[in-house]
Amino acid sequence: MAEPRGSSIDGKLAEEFAAPSHVDEVKEKMSAFARRHADAGRRVVLITSGGTKVPLESRTVRFLDNFSSGRRGASSAEYFIDSGYAVIFLHRHRSLYPYTRMFLPVNLLEALQFRGGEGASGNTGEVVVNQQLLPNVGKVLKRYNEVKEGGLLLPIEFNTLSEYLHLLKAAAQELSSIGSLAMFYLAAAVSDFYIPASEMPEHKIQSSNGPLQLSMKMVPKILSPLVKDWAPKAFVISFKLETDASILLDKARRALDAYRHQAVVANILDSRRGHVVVVTPDTQTELTLNEEDAKNEVEIEEKIVSNLIFAHTKFINQPIG
Ligand code: 9Z3
């Protein structure tokens, strides 16, 4: 498969995708975060999470989006932190977030009550939590505060595909300074298609013009410069999603051949919560949740993270050849 060189992708990124105005500020934060943790002997994982928004108009009314909830990324962040990693969490605005993810379906106002019953005043009454609606909230709050005090989680938000691409490039460049201590865990569901700024209508597309036909370009394969140019010593994991199981493993292997990174986590849309395959150049490991796991509320991300941390340790300790 012919892959464009990293430098041409750099050019495309600069020309066709508007960089977010705060990219330099974010770079500084990521660089300081990586340095501080690496100096303390801690590994750093950059997790991408959630879907991307692709605008159809420059004054955007409409956009293309996808299914990703961000649960994979958010839960994985917790397991990495529990295993001693520091986490840069590059996530889609309002997608699931570590720790709060567990309580998201709950209506907050249903879960809170005034102590002393209905007569208590809203201004002076104390508010208590209904623990049936927010189970384990005390335990989760304690852990959340520990993680915050330890400075172990650096959240960075994106919304559009352009923001995602520029922020991932920035992260890769900043993390390159810590070499093999850095892991990239690219779980975000990134659009394969986009409309370049130069071809996008400025104003809202008019339905009075009749049915809409879109022509979209291919998004540059950012994994290529990430592995080759931006963070060549890092341990890089991509995710491959398909709906047709018969092509999944072949696609995962082809991605490994093309980009020469360390592993692909392959999953099928409908079974992604209970089954994945971790594919490396010379291994193929199925990870599955069994009945016992389901009873104990084990999540598949715990198994994925543990498998990859083991491989990362081997990668760090391999003789330099
Ligand atoms: C994944 O495959 C993730 O596992 C999911 C997680 C997005 C399925 P949720 O966010 O779901 O927990 O709801 N991510 C990568 C998906 C992707 O778009 N990969 C591309 C591809 O397969 C580029 S590497 O071609």
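All residue numbers here refer to positions counted from 1 along the written sequence of the relevant chain. Only residues with pLDDT of 70 or above have their local features reported here, since the model is predicted, and side-chain atom pairs are shown and tallied only from 80 upward, although totals for entire chains, interfaces and linings are computed over all residues. The side-chain numbers reported here are obtained from all heavy atoms of the structure, hydrogens and water having been left aside.

- By the naming in an unreviewed UniProt entry, the chain is Phosphopantothenate--cysteine ligase, taken from Oryzias latipes.
- UniProt positions are given in the numbering used here, feature names are shortened, and annotations may be inferred rather than shown by experiment. UniProt, in its Function (unreviewed entry) section for the chain, records the words "Catalyzes the second step in the biosynthesis of coenzyme A from vitamin B5, where cysteine is conjugated to 4'-phosphopantothenate to form 4-phosphopantothenoylcysteine. Has a preference for ATP over CTP as a cosubstrate."
- Turning to the chain, the UniProt record has this under Sequence similarities (unreviewed entry): "Belongs to the PPC synthetase family."

## Looking at the UniProt feature "domain: DNA/pantothenate metabolism flavoprotein C-terminal" (unreviewed entry) in the chain
Link 1 in the chain: In the UniProt entry, the feature "domain: DNA/pantothenate metabolism flavoprotein C-terminal" (unreviewed entry) is given for residues 43-92 and 178-300.
Link 2 in the chain: A distance of 23 Å separates the end C-alpha atoms of residues 43-92, which is 24% helix and 34% strand.
Link 3 in the chain: Note that residues 178-300 is 24% helix and 27% strand, and that its end C-alpha atoms are spaced 29 Å apart. Helix and strand definitions follow DSSP, with helices as H or I runs of at least four residues and strands as E runs of at least two, each counted in order from the N terminus.

## As for helix 2 (residues 23-39)
Each α-helix turn comprises 3.6 residues. Residues three or four places apart therefore point the same way.
Link 1 in the chain: With 17 residues, helix 2 should reach 24 Å at 1.5 Å per residue; the first-to-last C-alpha distance of 24 Å fits that figure.
Link 2 in the chain: Among the residues making up helix 2, those that are buried are Val-23, Val-26, Met-30, Phe-33, Ala-34, His-37 and Ala-38. Buried residues in helix 2, looked at end-on, bunch into an arc of 115°, giving them a common side. Across from the buried face of helix 2, at angles greater than 90 degrees, the exposed residues are Asp-24, Glu-25, Glu-28 and Asp-39.
Link 3 in the chain: A contact between two residues is defined here by any heavy atoms of the two lying within 4.5 Å. Elements in contact with the buried residues of helix 2: strand 1 (44-49), strand 4 (86-92), strand 7 (153-158) and helix 6 (161-175).
Link 4 in the chain: Where helix 2 terminates, the next one or two residues include Gly-41, which has phi positive at roughly 80°. One fewer than the residue count of a helix, multiplied by 1.5 Å, yields its expected span. When a residue's accessible area, from a 1.4 Å probe over protein chains only, is under 20% of the maximum for its type it is buried; when over 50% it is exposed; and in between it is partly exposed. When we speak of the arc, we mean the arc of directions from the helix axis to the C-beta atoms.

## Considering the pattern of salt bridges
Link 1 in the chain: The rule for a salt bridge is simple: a side-chain nitrogen of Lys or Arg has to be within 4 Å of a carboxyl oxygen of Asp or Glu. Per the stated rule, a full pass over the model turns up 18 salt bridges.
Link 2 in the chain: Close ionic contact of Arg-72 with Glu-301 constitutes a salt bridge, the shortest N to O distance being 2.9 Å. Separated by 229 residues along the polypeptide, Arg-72 in helix 3 (residues 71-82) and Glu-301 in helix 10 (residues 300-317) bring together distant segments of the chain. For the residue pair Arg-72 and Glu-301, the accessibility class agrees, reading buried in each case.
Link 3 in the chain: Between Arg-143 and Glu-146 there is a salt bridge, and its shortest N-O distance comes to 2.9 Å. Of this pair, Arg-143 and Glu-146 both sit in helix 5 (residues 137-149), three residues apart, which is roughly one turn of that helix.
Link 4 in the chain: According to the relative accessible area criterion, Arg-143 is partly exposed, its value standing at 26%.
Link 5 in the chain: Classification of Glu-146 as partly exposed rests on a relative accessible area of 34%.

## Examining the environment of Val-190
Link 1 in the chain: Relative to the elements of secondary structure, Val-190 occurs in the loop between strand 8 (182-186) and strand 9 (193-194).
Link 2 in the chain: By relative accessible area, Val-190 is classed as partly exposed at 28%.
Link 3 in the chain: In the structure, Val-190 is positioned 139 residues away from Gly-51 in sequence and 5.9 Å away in space, judged by C-alpha atoms.
Link 4 in the chain: Those residues in contact with Val-190 that lie beyond four places of it in its chain are Thr-52, Leu-161 and Tyr-164.

## Quick word on the packing of aromatic side chains
Link 1 in the chain: In this analysis, rings of Phe, Tyr and Trp, with Trp reduced to its six-membered ring, are considered paired at centre separations within 6.5 Å, and the interplanar angle assigns stacked below 30 degrees, edge-to-face beyond 60, and tilted for intermediate values. Tallied over the entire structure, the rule returns eight aromatic pairs.
Link 2 in the chain: Aromatic pair Phe-17 and Tyr-194: ring centres 4.4 Å apart, planes at 35°, arrangement tilted. Here Phe-17, found in the loop between helix 1 (6-16) and helix 2, pairs with Tyr-194, found in strand 9; they are 177 residues apart in sequence, far enough to count as distant.
Link 3 in the chain: With 5.3 Å between their ring centres and 70° between their planes, Phe-158 and Tyr-164 make a pair best called edge-to-face.
Link 4 in the chain: Accessibility expressed as a relative area gives 4% for Tyr-164, which makes it buried.
Link 5 in the chain: Among the aromatic residues, those joined into a ring-pair cluster are Phe-80, Tyr-85, Tyr-185 and Phe-239.
Link 6 in the chain: The ring of Phe-63 has Lys-53 sitting right over it, with the charged end atom 4.4 Å from the ring centre. In our convention, an over-ring charge means Lys NZ or Arg CZ found within 6 Å of a ring centre and within 35 degrees of that ring's normal.

## Some thoughts on the site of the ligand
Link 1 in the chain: Around the ligand, the structure places 16 residues, and the nearest of them are Ser-68, Ser-69, Lys-240, Asn-267 and Arg-272.
Link 2 in the chain: N or O atoms closer than or at 3.5 Å make up a polar contact, with two conditions inside protein: a donor-capable atom paired with an acceptor-capable one, and, for residues adjacent in sequence, both atoms drawn from side chains. Between the ligand and Ala-187, the relevant distance is 3.0 Å, taken from a nitrogen atom to a main-chain nitrogen or oxygen of the residue.
Link 3 in the chain: At 3.3 Å from a nitrogen atom of the ligand is found a main-chain nitrogen or oxygen belonging to Phe-239.
Link 4 in the chain: Each accessible area is a Shrake-Rupley estimate made with a 1.4 Å probe; only the visible protein chains count as cover when residues are assessed. Notes on the ligand: free accessible area 600 Å², of which the protein chains cover 88%.
Link 5 in the chain: Cavity membership is defined here by more than half of the atoms lying within 2 Å of grid points; on that basis the ligand lies in the largest pocket.
Link 6 in the chain: Elements with a minimum of two residues in the shell around the ligand: helix 3 and strand 11 (235-242).
Link 7 in the chain: Looking at the shell around the ligand, the element that brings in the most residues is strand 11, giving three residues.
Link 8 in the chain: Throughout, the ten residues Ala, Val, Leu, Ile, Met, Phe, Trp, Tyr, Cys and Pro are labelled nonpolar, Asp, Glu, Lys and Arg are labelled charged, and all others, Gly among them, are labelled polar. A breakdown of the residues in the shell around the ligand according to their chemical character gives seven nonpolar, four polar and five charged. We define proximity as follows: a residue is near a molecule or strand when any one of its heavy atoms falls within 4 Å of that partner. Of the two site types, the cavity is a set of points on a 1 Å grid over the protein atoms alone where a 1.4 Å probe fits but cannot get out, and the pocket is an open set with protein on both sides within 12 Å along at least five of seven lines, each lined by residues with an atom within 4 Å of a point. Molecule-in-pocket calls rest on the fraction of atoms, with more than half required to lie within 2 Å of the cavity or pocket grid points.

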